[in-house]
Amino acid sequence: TEVVGVLEFYSREAAERDDGLLRVMANVGTVLGRVVERVRAERALAAQNEQLLQLDALKDEFVSLVSHELRTPLTSIRSFSEILLDNPELGAEERAHFLRIITSESERLTRLINDVLDLSKIESGRMDWQVELADLVELLRAAVRAAEGFLTERAVALEVAVPVEPAPVVCD
């Protein structure tokens, strides 16, 4: 449906117009045009296929990462639950400590699952945003508090430093 090239034919001698030859050449041009279009389509398809392969590899990496991240709190929950079940003689303080760990890890697991669900909603365009005015510094401090257990486990200290007077931000 578009011009993809031009065929020019020359002769050493002047000749009368030959409609039969012109029809043959038009057909040759159509066939060559289809070949060019097919080659272009094959190249585009190969590029799309490569992109799909890359996306598939990213998906596999994401699934692997999510699986690992979900297993970590599950392992803690299971381990500390088994300790509590297998050791009824544990003192109240130890039991409370283990229960706090189980609670913390289940909250972590819930956050991870919610993050994955939110990501799915964002990608599909079904995310319900709750846009509001918020204090950015308080949001950062809350994020640091939420990550406290993770940071402590890894001996990492993190604090929010505010060099200027913060302004409210519009966010979800």
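See the structure shown above.
Quantities reported herein were computed from a predicted structural model and do not represent experimental measurements.

What counts and how
Sequence order as written defines the numbering, with residues in each chain counted from 1. Thresholds applied to this predicted model are a pLDDT of at least 70 for local features of residues and 80 or more for the giving and counting of side-chain atom pairs; totals over whole chains, interfaces and linings are not thresholded and use all residues. The basis for the side-chain values is all heavy atoms of the structure; hydrogens and waters are excluded. Any Lys or Arg side-chain nitrogen found within 4 Å of a carboxyl oxygen on Asp or Glu counts as a salt bridge. When a residue's accessible area, from a 1.4 Å probe over protein chains only, is under 20% of the maximum for its type it is buried; when over 50% it is exposed; and in between it is partly exposed. A helix here means a DSSP run of H or I that spans at least four residues, while a strand means a run of E at least two residues long, and both kinds are numbered starting from the N terminus. Note on aromatic contacts: the rings of Phe and Tyr and the six-membered ring of Trp form a pair at centre separations within 6.5 Å, being stacked when their planes are under 30 degrees apart, edge-to-face when over 60 apart, and tilted otherwise. Expected span of a helix: the number of residues minus one, times 1.5 Å.

Caption draft 1: The pattern of salt bridges, seen in detail. Applying the stated rule across the entire model yields nine salt bridges. With a shortest N-O distance of 2.7 Å, Arg17 and Asp19 are connected by a salt bridge. Among the residues examined, Arg17 registers a relative accessible area of 70% and is labelled exposed. Overall, the relative accessible area of 40% leaves Asp19 in the partly exposed class. For Arg38, the salt bridge identified is with Glu42, shortest N-O distance 3.9 Å. Remark: Glu42 and Arg38 occur in helix α1 (residues 19–86); sequence separation between them is four residues, near one turn of the helix. The class for Glu42 is partly exposed, based on a relative accessible area of 46%. One network of salt bridges, in which partners are shared, links Asp56, Lys59 and Asp60.

Caption draft 2: Quick look at the packing of aromatic side chains. Tallied over the full model, the rule gives one aromatic pair. Seen in terms of ring centroids, Phe80 and Phe98 are 5.1 Å apart; in terms of plane orientation they differ by 35 degrees. Their pairing is tilted. Here Phe98 lies in helix α2 (residues 92–124) and Phe80 lies in helix α1, a separation of 18 residues in the sequence.

Caption draft 3: Examining α1 more closely. The end-to-end C-alpha separation of α1 is 97 Å, in line with the 100 Å expected for 68 residues at 1.5 Å each. Within the sequence span of α1, burial applies to Gly33, Val66, Pro73, Ile77, Phe80 and Leu84.

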